[in-house]
Amino acid sequence: MKIIDAHIHYSDIEAFRQCARDMSLVDYSEEGFVRETAENQVVRSVCMGLFENTPGAFPDAGANTPMLAKLTDEMPPGMSLCIGINPHTVTARSIAETEALIKSSGRVCGFKIYAGYYHFHVTDPVFDPVYALAEKYDLSVAIHGGETYSERGLLEYSHPLRVDRLAVAHPDMRIVICHMGAPWSFDACEVAVKNKNVHVDISGLLVGSPEYIAQSAAKPLLLDRYRQALTFMDNYDKVLYGTDWPLTRMEPYIEFCKLLVPPETYEKVFYQNAARVYRLE
């Protein structure tokens, strides 16, 4: 089965390196990425752009917008980019630079808003120029939802219900609530039920080693939490597979996600929905 991983990272972030080394046991390098994608038939990926000026500073208020994928000089083949937005560095100049990148790159498929990491609501006017570009160039907007991978984050900004107002204000802009808003997965799915332009990705629901992923996948209560939310939404056209690599290896996370959705929806969840939402084909 061909797979699109709709949520990966490919940036030199110290917290990601630590997780890859000590928890997820991932080879966080170009060679490691290419090997894992080849082994798991991952033919396309969507990278969430991110940057930190100082190791360990993420979320770094000084990181320049646009935030890109800079683990290596070039992104691997098949990788598309959601440009990361740091609201502290959104200026007329950075927006002009972002638009020029969209026009020249050919690999930009959206924007990533790090709600919760940066203490701005998704409807803050600082993001208006970004949403204008998304609508102008028909790009999707991925928004971090739920728990933050940093104690410096504030959950009041990353609750998925915050996305409802944005979706109403921009009904023609495709929005993806990342991580299904966990632990508020029912809330994220309700926002997607209510708003035709809202989707969820199921990346990053578990973070850790293959052994930890397998142990977690064997817990009925954990599986039921996410299955119930997805069953409530009852629209698998709105569900995008992703890993949050390097926070977990691809193979065990694919097997975990296969437990969350019905087998007859695999083609949609693991490939077709991401291809449509991020316009990858």
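Our subject is the structure listed above.
So, here is what we can say about the structure in this document. Along each chain, numbering runs from 1 in the same order as the chain's sequence is written. Note on the predicted model: pLDDT of at least 70 is required for a residue's local features to be given, and 80 or more for side-chain atom pairs to be given and counted; whole-chain, interface and lining totals, by contrast, use all residues. Note that water and hydrogens are dropped before the side-chain values are worked out from all heavy atoms of the structure.

**Looking at the pairing of strand β4 (residues 108–113)**
Stage number 1. Note on exposure labels: buried denotes an accessible area under 20% of the residue type's maximum, exposed denotes more than 50%, and partly exposed covers the range between, all computed with a 1.4 Å probe on protein chains only. What counts as a helix is a DSSP run of H or I of at least four residues, what counts as a strand is a run of E of at least two, and both are numbered from the N terminus. Of all the 6 residues making up β4, 6 are buried; the element is thus mostly covered by neighbouring parts of the structure.
Stage number 2. For two strands to be treated as a pair, DSSP must find at least two bridges joining them. Across 5 bridges, the pairing between strand β3 (residues 79–85) and β4 is parallel. Residue pairing across strands places Ile-85 opposite Ile-113, the latter belonging to β4.
Stage number 3. The handedness of a crossover follows from its direction of travel: if, with the strands pointing away from the viewer, the path from the first strand over the helix to the second runs clockwise, the crossover is right-handed. Where the polypeptide runs from β3 across helix α3 (residues 92–105) and back to β4, its parallel neighbour, the crossover connection is right-handed.
Stage number 4. Relative to strand β5 (residues 140–143), β4 runs parallel, the two being bridged by 4 bridges. Across the sheet, residue Ile-113 finds its bridge partner in β5, namely Ile-143.
Stage number 5. Assessed by its sense of winding, the connection that carries the chain from β4 through helix α4 (residues 128–136) to β5 is right-handed.

**Digging into the packing of aromatic side chains**
By convention here, two paired aromatic rings are described through the distance between centres and the angle between planes.
Stage number 1. A pair of Phe, Tyr and Trp rings is counted when the ring centres sit within 6.5 Å of each other, with Trp represented by its six-membered ring. The angle between the planes then sorts it: under 30 degrees is stacked, over 60 is edge-to-face, the rest tilted. Within this structure, the stated rule accounts for 13 aromatic pairs.
Stage number 2. When the centroid spacing of 5.7 Å and the interplanar angle of 45° are considered together, the rings of Phe-186 and Phe-232 count as tilted. Remark: Phe-232 occurs in helix α8 (residues 220–233) and Phe-186 occurs in helix α6 (residues 185–194); sequence separation between them is 46 residues.
Stage number 3. Judged by its relative accessible area of 37%, Phe-186 falls in the partly exposed class.
Stage number 4. Judged by its relative accessible area of 41%, Phe-232 falls in the partly exposed class.
Stage number 5. In textbook terms, an aromatic cluster arises when at least three aromatic residues are bridged by ring pairs, as seen for Tyr-241, Tyr-253, Phe-256, Tyr-266 and Phe-270.

**Side note on unusual backbone geometry**
Stage number 1. The omega angle of the peptide bond from Phe-58 to Pro-59 is 0°, so this bond is cis rather than trans.
Stage number 2. Inspection of the secondary structure assignment puts Pro-59 in the loop between β2 (42–48) and β3.
Stage number 3. Look at Gln-41: it is not a glycine, yet its phi comes out positive at around 55°.
Stage number 4. By the secondary structure assignment, Gln-41 is in the loop between α2 (30–39) and β2.

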